[in-house]
Amino acid sequence: MKRIIDGEQLNIIGDRIKEAREKKGYSQKQLSEKLELMAVYTCRGSISRIENGKRAVTDIEIDAISKILEVSLDYLFNR
């Protein structure tokens, strides 16, 4: 099966997550802690890899991140 995303980039929303996180004034650790409160266990290191495009993001993580950062899915996907 052909990969949807070729190359080293494993997601297309990492940059937007980082941008929204910084606008909210949250550190990666704070975002990780807020995700944990929603029962989405994503460590600070995983947040870093997501933002750098080195880790894929699950649909559950995307939904929780958009709620925590108060941004739409359209914003995250740059639509």
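This text goes with the structure placed above it.
Draft legend 1. Representation of the overall build of the protein chain in the model. Along the protein chain, the regular secondary structure elements total five helices and zero strands. Written out in order from the N terminus, the α and β elements of the protein chain read α-α-α-α-α. The globule rule puts the C-alpha radius of gyration for 79 residues at 12 Å, and the 12 Å found for the protein chain is close to it. A principal-axis box enclosing the C-alpha atoms of the protein chain has dimensions of 35 × 25 × 20 Å. Split into buried and exposed, the 79 residues of the protein chain put 39% on the buried side. Put simply, of all contacts in the protein chain between residues at least 6 apart along the chain, 57% involve residues at least 24 apart. When the accessible surface of the protein chain is summed, it comes to about 5200 Å², and 51% of that surface belongs to carbon and sulfur atoms. For the protein chain, the distance from the average site of its 15 positive side-chain charges to the average site of its 13 negative ones is 2 Å.

Draft legend 2. Inspection of the environment of A39 at higher detail. Positionally, A39 belongs in the loop between α2 (28-37) and α3 (44-51). The exposure class assigned to A39 is exposed, which follows from its relative accessible area of 51%. Spatially, the C-alpha atoms of A39 and I60 are 10.0 Å apart, while their sequence positions differ by 21 residues.

Draft legend 3. Region of the structure containing the side chain of T42. With respect to the secondary-structure elements, T42 resides in the loop between α2 and α3. A polar atom in the side chain of T42 sits 2.9 Å from the side chain of E61. Apart from residues no more than four positions distant in its own chain, T42 is found in contact with S32, L35, I47, I50, R55 and E61.

Reading guide: rules and limits
Residues numbered from 1 in each chain as written. Predicted model: local features only at pLDDT ≥ 70, side-chain atom pairs only at ≥ 80, totals over all residues. Heavy atoms only, no water. Helix = DSSP H or I, 4+ residues; strand = E, 2+ residues; numbered from the N terminus. Rg over C-alpha atoms; globule rule 2.2 N^0.38 Å. Buried < 20%, exposed > 50% of the residue type's maximum accessible area, 1.4 Å probe, protein only. Contact = heavy atoms within 4.5 Å. Areas by Shrake-Rupley, 256 points an atom, 1.4 Å probe, with all protein chains shown as cover. Lys, Arg positive; Asp, Glu negative; His and termini not counted. Charge placed at Lys NZ, Arg CZ, Asp CG, Glu CD. Polar contact = N/O pair within 3.5 Å; in protein donor to acceptor, adjacent residues only side chain to side chain.

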